[in-house]
Amino acid sequence: MNFTWRDQYTVQASGPIEDGDAAKFAALPAIHTLELNSPGGLVSEALEIAANMDARGSIRTVVK
């Protein structure tokens, strides 16, 4: 998955979810919105990303 900044507080996540994506997401600074454009991928990585989002709180998700 590729994480790219759209603006100061919005990150676009695109591509399949692969090994190491949860760590890449966890390394991102504070974000307000995560825009998803993904066909899916590794469930374990997706669950870790979701847990990190819950821990951070108040991250809006938009599915493109």
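Note that the structure is a prediction, hence the values are computed from the model and not measured.

Definitions and limits used
Residues numbered from 1 in each chain as written. Predicted model: local features only at pLDDT ≥ 70, side-chain atom pairs only at ≥ 80, totals over all residues. Heavy atoms only, no water. Pairing = 2+ DSSP bridges. Helix = DSSP H or I, 4+ residues; strand = E, 2+ residues; numbered from the N terminus. Axes fitted to C-alpha atoms, helices over the stretch in contact; angles between N-to-C directions. Core = buried A, V, L, I, M, F, W, Y, C linked by side-chain atoms within 4.5 Å. Buried < 20%, exposed > 50% of the residue type's maximum accessible area, 1.4 Å probe, protein only. Contact = heavy atoms within 4.5 Å.

(A) Geometry of the sheet that holds strand β1 (residues 2-7). Pairing within the open sheet is mixed, and its four strands lie in the order β1-β2-β3-β4. Across the chains shown, the open sheet's two edge strands, defined by having one partner strand only, are β1 and β4 (60-63). Neighbouring strand axes in the sheet, compared pairwise and without regard to direction, differ in orientation by 25° on average. Sheet analysis places strand β3 (residues 33-37) next to β4, joined by four bridges and oriented parallel. In the sheet register, T33 faces β4, and the bridge partner there is R60.

(B) Quick look at the nonpolar core. Counting residues in each nonpolar core, the largest one holds 13 residues, and the members touching the most others are F3, F25 and L34. Breaking this core down by element, the ones donating at least two residues are β2 (10-14), α1 (21-26) and α2 (43-56).

(C) Up close: the side chain of E35. With respect to the helices, strands and loops of the structure, E35 is situated in strand β3. Its relative accessible area of 6% is what places E35 among the buried residues. When residues no more than four places from it in sequence are discounted, the contact partners of E35 are R6, T10, V11, Q12, A13, V62 and K64.

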